[in-house]
Amino acid sequence: MSRVLQAIDSIHQVGLYCLALVPANTLPKTPLGGIHICETKQNFLEGNLHPCNILMCPHTCVTNMPKPRQKQPVDVGPASMLVGNLVAGKRIAQAIGRELGVVEDQDLIRKHQFLSEALQWRAQTDPDHVLYVLLNAKGVPVCTATCAQLHKRAEKITATLMERGGLNTGDNVVLLYPPGIDLIAAFYGCLYAGVIPVTVRPPHPQNLAATLPTVRMIIDVSKAACILTTQPLMRILRSREAAASVNVKTWPTIIDTDDLPRKRPPQIYKPPTAEMLAYLDFSVSTTGMLTGVKMSHAAVSTLCRSIKLQCELYSSRQIAICLDPYCGLGFVLWCLSSVYSGHQSILIPPLELESSLPLWLSTLSQYKIRDTFCSYSVMELCTKGLGTQTEMLKARGLNLSCVRSCVVIAEERPRLALTQSFSKLFKDLGLSPRAVSTAFGSRVNLAICLQGTAGPDPSTSYVDMKSLRHDRVRLVERGAPQSLPLMESGTILPGVRVIIVNPETRGPLGDSHLGEIWVNSPHSASGYYTIYGEESLQADHFNTRLSFGEPHTLWARTGYLGFIKRTELTDASGDRHDALFVVGSLDETLELRGLRYHPIDIETSVSRAHRSIAESAVFTWTNLLVVVAELSGSEQEALDLVPLVTNVVLEEHHLIVGVVVIVDPGVIPINSRGEKQRMHLRDSFLADQLDPIYVAYNM
């Protein structure tokens, strides 16, 4: 191949973009026996050449790339920008949820100040009301919990903690349970005992080497004094297989809660103030960072009240939840919301869908559920696995016309293509096209937006993709070249105030300007847990101020870029609706050629390049763009994908791909929320652990 390159360069003095070696006599021929150039080119562009070796040289021959952007020093201060917006007739980009209202009844204040008191109150006033129903893969209820049953179970756990745990008030206790009612009871048992619960996803029995170190890390970082778990999981923690991954001799005290003695605690702990810590929320971000945030009792109660008002949750209501219950809004909906609002939650562990795909949808139909909450991974499972079975499901009597709202819980930009395809696929089963919406939360505030019952339908805007790379928003018409559709992330929750801020000057921006999303809310987290010596980061993320305008208001920085647009729609109060559009995480953006790229935009282009690309992910390595693509077809198509991926990224994003990695399906790591773990993928690539089908280093 090197000789061919030298010959073309020395004889013709032209750059070579791609050199593909194909088996002898496989190129299409003309009737006269020559090579059919047009058909060969068509096969190349469609990925049907099937070369046995390929060499791409885009760096040397693509000479008309746009010049890299030189960032100019910002001479205009935030005050001048604010005045400029006002002169131009643009208002400050902020959106405010409706008022939380004042709870005047003293009995309600007592009931709602602490969740532990709310459960006790419900156990006394309505003991037989069913709060939770847990379903198995067959859709059969395997466990239910009334208010009284949950309270008594929590009391037993409290008594065991006090007897065997040797704990002090305020100690951290890790809850290691599969999704279910045991997890909920253990959480309230911890609140009754005055200790701080930390929910952790249990390790996967078939993949301890990959999942157990994360469990160990959270236990170590949280300084947990005790672990509450089940007997099977306790055996796994102490097993020989676990010892191969972590030091099993240094676990804290492990207590299994499967067979508890019938004991009641001498007293139930009541926190002296609502500002005290209620629980710790640990999560691994898409950039691979483990972060724990502190949630106070006041924040928990306010958040539950806000969700109750937004979704109109009352004791007579029934909702279905198909989410992992270990962090963020998924944990709040699974463990906290029902106890506060009194509605019945039907719990569907997402893992059960792997053995019974229609489980979630058939539950919605069977119980005539009006409101349901799921993750993108659940929606994707249903879209890919049930898309061709809608007629069969319809014949079985599955009807989704009862569903009023299906909310996807996520901490990312709404995946418009997925939600639209889900709505279209199940339209024949009665699913309303207006039902599907998204929520948005972050580490600093677990729930900022959530599509409620009273707000207007989520709106869609089209923005110019080129302007986004320059940190600007230019609204365009649908179908315009380089247009990117963005869906609103749901209605701002009651009590929440959002403002768009320039992350560098920290000054407020005008309507339809791209900036960082800052939030002011009584249910924001209190701060990070144990970031050693990072007090400045704590103040910067949770208690920061604008550099100009409202200097006394404290804001929390979400770390996400977005913009606010005032729409023509009206909200429940009759005012014009302000829509929040999330563009992407600041930590995940790729800085290339002086421009800011969002990985999801490049990945969308790559996935469209060929029918055999099942999934893709991008990251940077020493200023090179690396594209990892999962091949769902035959391995002989692997080399066809290299030029197609390089072409589409060059044409649509004006970027030269440095490395193309073709891997088997399932290699790209995805967390329980359906988010790609790009930094874990990058680490595996650098450690040469991907076991790729083919790697192309573009010259």
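Coordinates for the structure precede this section.
Since we're looking at a predicted model, the values are computed, not measured.

(A) Local environment of the sheet that holds strand 12 (residues 318-322). The strand order across the open sheet formed by 8 strands is 5-4-13-12-14-15-16-17, and the pairing between neighbours is mixed. Because the sheet does not close on itself, it has two edges, and the strands there are strand 5 (141-146) and strand 17 (449-450). One ladder, built from 5 bridges, connects strand 4 (residues 130-135) with strand 5; its direction is antiparallel. Pairing of Y132 across the sheet is with A145, part of strand 5.

(B) Expanded view of helix 2 (residues 37-46). Every buried residue belonging to helix 2 is among T40, N43 and F44, and all of these are buried. Each buried residue of helix 2 lies within a common arc of 100° when the element is viewed along its axis, so the set occupies one face. For helix 2, exposure combined with an orientation more than 90 degrees from the buried face picks out C38 and K41. Looking at the residues trailing helix 2, positive phi occurs at G47, about 75°.

(C) Fine view of the nonpolar core. Counting 85 residues, the largest nonpolar core has Y188, L228, Y279, L336 and L450 as the members making the most contacts within it. In terms of residue count, helix 8 (residues 181-193) provides more of this core than any other element does, 11 residues in total. Setting aside its immediate chain neighbours within four residues, L336 contacts L115, Y132, F187, Y188, Y279, V300, C304 and F331. Counting 32 residues, the second-largest nonpolar core is a separate cluster that includes A320, W360, V403 and V408.

(D) Quick peek at the pairing of strand 29 (residues 657-663). Across the 7 residues of strand 29, 7 count as buried, placing the element largely inside the fold. Pairing of strand 28 (residues 624-631) with strand 29 involves 6 bridges; the strand directions are parallel. From the neighbouring strand, V626 faces strand 29, where its bridge partner is V659. Of the crossover connections in this fold, the one passing from strand 28 over helix 21 (residues 638-653) to the parallel strand 29 is right-handed. With 4 bridges connecting them, strand 29 and strand 30 (residues 694-697) associate as antiparallel partners.

(E) Spotlight on the packing of helix 12 (residues 297-311) against helix 13 (residues 328-341). For the pair helix 12 and helix 13, the least separation of the axes is 10 Å and the interaxial angle reads 85°. On the basis of the axis angle, helix 12 is roughly perpendicular to helix 13. For the pair helix 12 and helix 13, the contacting residues are V300, S301, L303, C304, R305, I307 and K308 in the first and L329, V332, L333, L336, S337, Y340 and S341 in the second. The class makeup of the residues in the contact of helix 12 with helix 13 is 9 nonpolar, 3 polar and 2 charged.

(F) Structural detail: the pairing of strand 21 (residues 515-520). For strand 21, the tally of buried residues reaches 5 of 6 residues, placing the bulk of the element in the interior. Here strand 20 (residues 497-501) runs beside strand 21; their pairing, made up of 5 bridges, is antiparallel. The partner of I500 across the bridge, within strand 21, is I517. The pairing of strand 21 with strand 23 (residues 556-570) spans 4 bridges and is antiparallel.

(G) Highlighting the packing of helix 6 (residues 115-125) against helix 7 (residues 147-165). At a minimum axis distance of 8 Å, the contact between helix 6 and helix 7 shows a crossing angle of 130°. Viewed along their axes, helix 6 and helix 7 adopt a mutual orientation that is oblique. You can see that helix 6 and helix 7 cross each other, and the crossing is left-handed. Where helix 6 abuts helix 7, its residues L119, Q120, R122 and A123 lie against C147, A148, L150 and H151. Here the residues of the contact of helix 6 with helix 7 sort into 5 nonpolar, 2 polar and 1 charged.

Calculation rules
Residues numbered from 1 in each chain as written. Predicted model: local features only at pLDDT ≥ 70, side-chain atom pairs only at ≥ 80, totals over all residues. Heavy atoms only, no water. Pairing = 2+ DSSP bridges. Helix = DSSP H or I, 4+ residues; strand = E, 2+ residues; numbered from the N terminus. Buried < 20%, exposed > 50% of the residue type's maximum accessible area, 1.4 Å probe, protein only. Arc of directions from axis to C-beta. Core = buried A, V, L, I, M, F, W, Y, C linked by side-chain atoms within 4.5 Å. Contact = heavy atoms within 4.5 Å. Right-handed = clockwise from strand over helix to strand, strands pointing away. Axes fitted to C-alpha atoms, helices over the stretch in contact; angles between N-to-C directions. Parallel < 35°, antiparallel > 145°, perpendicular 65-115°, else oblique. Nonpolar A, V, L, I, M, F, W, Y, C, P; charged D, E, K, R; others polar. Left-handed = near helix turned anticlockwise from the far one by under 90°.

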